[in-house]
Amino acid sequence: VGSEMCIRDSYPVDVKCVNLTKQKTRTQNSILIILFLIMKNALMGLALFAAMPVFAQQKATINVHPEQGKEIISKHIYGQFAEHLGTCIYGGLWVGEDSKIPNTQGYRNDVLQALKDLKVPVLRWPGGCFADEYHWMDGIGPKENRPRMVNNNWGGTVEDNSFGTHEFLNLCELIGCEPYISGNVGSGSVEEMAKWVEYMTSEQGSPMAKLRKENGREKPWKVKFFGVGNESWGCGGSMRPEYYADLYRRYSTYCRNYDGNHLFKIASGASDYDYNWTEVLMKNVGHRMAGLSLHYYTVTGWSGSKGSATEFTNDDYYWTMGKCLEIEPVLKKHIAIMDKYDPKKQIGLMVDEWGTWWDEEPGTVRGHLYQQNTLRDAFVASLTLDVFHKYTDRIKMTNIAQIANVLQSMILTKEDKMVLTPTYHVFEMYKVHQDATYLPLELNCERKVVRDDRIVPMVSATASRDANGFIHISLSNVDLQESQEIELNLGEVKAKSVTGRILTANNIGDYNSFEKPSVVAPKEFTGAKVNKGSLKVTLPAKSIVVLEVK
């Protein structure tokens, strides 16, 4: 009848797809079957609608292999990104001690609690493009003495530098995450970068340690992750990879390890399909870097309209799913290059910018990249995280863009109001996978051929086992109309009980607003049942589910 099946072999084998018919043929065949059933039931005196549920539900099988679990899903794959862009910092994270908005030392109380609940493992700052125009000494000392600056990259906004090194690193301590500092290569000097590392991490006896103590911080901070530049091929200096590779070698030499603080140095890597950049850096920098970054956005293009965040067609939605899943072949090509020069996988791949990029919301400031966040964005998050898990032997960190009020954000704020986005809820539901053991799986499901001839499986899945031995399985039904009946086998493990949570909404374009903040929010899921040690799961259309199996 023209069914289309997709068989996903267990990691690290590629996806193998068998396209039996095109979607058009499948539709035609379905019509013929309906006509046949009408005639059959008319002759037999049976009710037509008794047969109709066959067309309202798809079937899929998932075989999880707990015995093959070896790699740990680094918690840093769930990292966040905060740039001086729009109201991400000022108004999003920081309102100042004198604000009427309830705050702790200048940080919004509502946002602080939301980030603690999310268990943010690592936070990248101050950019982004902003990083290569940021001079850190302008952001230390008494706030009334700090010079103002123009944010040339993002809307020409004038900032007062009230949020600087101390404010960022203290925020990381408050929410219990590790800081990831992006250093200025584009417009900064070697000396400036070297002194910043010294200021943050040296214990005593150095001029920068003395200055830090004068500014109110006696003990140094622990700073592990340090990026030597950002997007050096573009806003970070418009460099050739050969030139940047030499600059990296020079700048990183003077990023010292002080008093037991050991830097994990990250080189500025490629944008999505630029495989030559990765090749040059792996060849010319090699193990002088501990990590190499990669940026990949789910975006329609870089010129003209990118499309509305909330007004889109079903065809647009399926295209978005195809574009976000294209990150997997991109990752595989970059990883293959890295494997050639680093077969022991000692250099981490850091996808430190990713997510959706739509047009700014009407009426907002141009250049501030404020966009709403619908259930469609939640699917981009869930499908992308599923992909990251598969390559956790090489991917050691990712940072979605961004944490508040910018692009695919976790949180939206407006004056004293705050709302959690559908993407926030995906990260909160998925936090059970942080530092858990990745469990390979095989997925057999329906698929669609979408615009631009991309192939999108209608089910996405990932699984892990935590330190308590519980297995968590995340399932996404991409299909907008049809539910999925899933047979889920756990190999040698026999399930005794299962609980779950579900994220869905009436429409794929639904979102949480300040007036209606809970339109898209997790609820208890009761559609999974234990059957002789395996699971049967009924997954509603356009839903994301996380199961806990004991």
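Each remark here, short or long, concerns the structure printed above.
Residues numbered from 1 in each chain as written. Predicted model: local features only at pLDDT ≥ 70, side-chain atom pairs only at ≥ 80, totals over all residues. Heavy atoms only, no water.

(A) Highlighting the overall build of the protein. Scanning the protein from N- to C-terminus turns up 11 helices and 28 strands. For the protein, buried positions account for 58% of its 550 residues. For the protein, long-range pairs separated by at least 24 residues make up 74% of all intrachain contacts whose partners lie at least 6 apart in sequence. Accessible surface for the protein amounts to roughly 22400 Å². Of this, 52% is attributable to carbon and sulfur atoms. (Helix = DSSP H or I, 4+ residues; strand = E, 2+ residues; numbered from the N terminus. Buried < 20%, exposed > 50% of the residue type's maximum accessible area, 1.4 Å probe, protein only. Contact = heavy atoms within 4.5 Å. Areas by Shrake-Rupley, 256 points an atom, 1.4 Å probe, with all protein chains shown as cover.)

(B) Structural context of the state of the cysteines. The tally for this structure, following the rule as stated, stands at one disulfide. Sulfur-sulfur distance for the disulfide between C129 and C235 comes to 2.1 Å. The disulfide joining C129 to C235 has a torsion of about -90 degrees about its S-S bond and is therefore left-handed. Here C235 lies in the loop between β11 (225-228) and α6 (241-253) and C129 lies in the loop between β7 (122-125) and β8 (149-151), a separation of 106 residues in the sequence. (Disulfide = S-S within 2.5 Å.)

(C) Region of the structure containing the pattern of salt bridges. With the rule as written, the count across this model stands at 25 salt bridges. The salt bridge partner of K195 is E191, with a shortest N-O separation of 2.9 Å. With K195 and E191 both in helix α4 (residues 190-201), this residue pair falls four residues apart, about one helical turn. A single salt-bridge network, built from bridges that share partners, covers D339, D342, K345, D393 and R394. (Salt bridge = Lys/Arg side-chain N within 4 Å of Asp/Glu carboxyl O.)

(D) Highlighting the sheet that holds strand β24 (residues 498-503). Spatially, the six strands line up as an open sheet ordered β18-β21-β22-β28-β24-β25, and their pairing is antiparallel. Strand pairing shows two members of the sheet lacking a second neighbour, β18 (437-438) and β25 (523-524), which therefore form its edges. One ladder, built from seven bridges, connects strand β22 (residues 471-477) with strand β28 (residues 543-549); its direction is antiparallel. Looking across to β28, one finds that H472 is bridged to E548. Contacts between helix α11 (residues 422-430) and the sheet are confined to β21 (459-465), β22, β24 and β28, with β24 contributing the most and set at about 165 degrees to the helix. (Pairing = 2+ DSSP bridges. Axes fitted to C-alpha atoms, helices over the stretch in contact; angles between N-to-C directions.)

(E) A look at the packing of helix α8 (residues 314-325) against helix α9 (residues 327-341). For the pair α8 and α9, the least separation of the axes is 5 Å and the interaxial angle reads 10 degrees. Put simply, α8 runs roughly parallel to α9. Residues K323, C324 and L325 of α8 lie in contact with α9, whose contacting residues are I327, E328 and P329. Residues of the contact of α8 with α9, tallied by class, amount to four nonpolar, no polar and two charged. (Parallel < 35°, antiparallel > 145°, perpendicular 65-115°, else oblique. Nonpolar A, V, L, I, M, F, W, Y, C, P; charged D, E, K, R; others polar.)

(F) Examining the packing of aromatic side chains more closely. For the structure on display, the rule yields 24 aromatic pairs. Plain terms: the ring middles of W94 and Y107 are 5.2 Å apart, the flat faces sit at 70 degrees to each other, and that makes the pair edge-to-face. Of the two residues, W94 is situated in the loop between β4 (79-81) and β5 (103-104) and Y107 in strand β6 (residues 107-108); the sequence distance between them amounts to 13 residues. Ring plane angle 35 degrees and centroid distance 5.4 Å describe the contact between F130 and Y134, whose orientation is recorded as tilted. Comparing F130 with Y134, the two get one shared label, buried. Among the aromatic residues, ring-to-ring pairing joins W94, Y107, W125, F130, Y134, W136, F163, F168, W196, Y199 and F226 into one connected group. A cation over an aromatic ring shows up here: R124 above the ring of F81, its NZ or CZ 4.7 Å from the ring centre. One cation-aromatic arrangement involves R376 over W358; the distance from NZ or CZ to the ring centre is 3.7 Å. (Phe/Tyr/Trp six-rings, centres within 6.5 Å; stacked < 30°, edge-to-face > 60°. Lys NZ or Arg CZ within 6 Å of the ring centre and 35° of its normal.)

(G) Up close: the pairing of strand β27 (residues 534-539). Pairing geometry for strand β23 (residues 483-489) and β27, over five bridges, is antiparallel. The residue bridging E485 from the neighbouring strand is T538, located in β27. Two strands pair when backbone bridges link them, and strand β26 (residues 528-531) and β27 are joined in this way by four bridges, in the antiparallel orientation. Bridging from a neighbouring strand, N531 pairs with S534 of β27. The hairpin turn running from β26 into β27, its antiparallel successor, is two residues long, and K532 in that turn takes a positive phi close to 55 degrees.

(H) Expanded view of the sheet that holds β7. Overall, parallel pairing links the eight strands, which are arranged β4-β7-β10-β11-β12-β13-β14-β15 in a closed barrel. Neighbour-to-neighbour, the strand axes of the sheet open up by a mean angle of 30 degrees, direction not taken into account. Strand direction decides the pairing type here: β4 and strand β15 (residues 395-401), joined by three bridges, are parallel. What sits directly across from Q80, in β15, is I400. Each of β7, β10 (178-183) and β11 is contacted by α4, which is oriented at about 160 degrees to β10, the strand it contacts most.

(I) Quick peek at helix α2 (residues 109-118). Here α2 has its buried residues at V111, L112, A114, L115 and L118. Buried residues along α2 cover an arc of 165 degrees about the axis, so they all sit on one side. (Arc of directions from axis to C-beta.)

(J) Representation of the environment of V223 within the structure. Assignment of secondary structure puts V223 in the loop between α5 (207-214) and β11. Considered as a pair, V223 and P179 are 44 residues apart in the sequence and their alpha carbons are 6.1 Å apart. Among all residues touching V223, those that are not within four sequence positions of it are L169, P179, I181, M200, T201, N261, H262 and L263.

(K) Inspection of the packing of helix α10 (residues 375-390) against α11 at higher detail. The N-to-C vectors of α10 and α11 enclose an angle of 35 degrees; their axes lie 7 Å apart at closest approach. The element α10 and its partner α11 pack so that their crossing is right-handed. Residues L375, D377, A378, A381, S382, L385 and D386 of α10 lie in contact with α11, whose contacting residues are P422, T423, V426, F427 and Y430. Each residue belonging to the contact of α10 with α11 can be placed in one class, and the counts come to eight nonpolar, two polar and two charged. (Left-handed = near helix turned anticlockwise from the far one by under 90°.)

(L) Main features of the pairing of strand β20 (residues 454-457). Inspection of the sheet shows strand β19 (residues 441-450) paired to β20 by four bridges, in the antiparallel sense. Across the sheet, residue V450 finds its bridge partner in β20, namely R454. If you look at the hairpin formed by β19 and β20, you'll find three residues sitting between the two strands, and D452 has a positive phi there, around 70 degrees.

(M) Expanded view of the environment of G92. Among the secondary structure elements, G92 is positioned in the loop between β4 and β5. Exposure remark for G92: the relative accessible area of 0% places this residue in the buried category. With 319 residues separating them along the chain, G92 and I411 place their C-alpha atoms 8.0 Å apart. The contacts of G92, once residues within four sequence positions are left out, are T87, R108, V111, A404, N405 and T413.

(N) Up close: the side chain of E159. Looking at where E159 falls in the secondary structure, it is placed in strand β9 (residues 157-159). Among buried Asp, Glu, Lys and Arg side chains, E159 stands out as unpaired, with R148 the closest opposite charge at 9.5 Å. At a separation of 2.9 Å, a polar atom in the side chain of E159 contacts the side chain of H84. Setting aside chain neighbours within four positions, we find E159 in contact with H84, Y90, F130, R148, M149 and N151. (Lys, Arg positive; Asp, Glu negative; His and termini not counted. Polar contact = N/O pair within 3.5 Å; in protein donor to acceptor, adjacent residues only side chain to side chain.)

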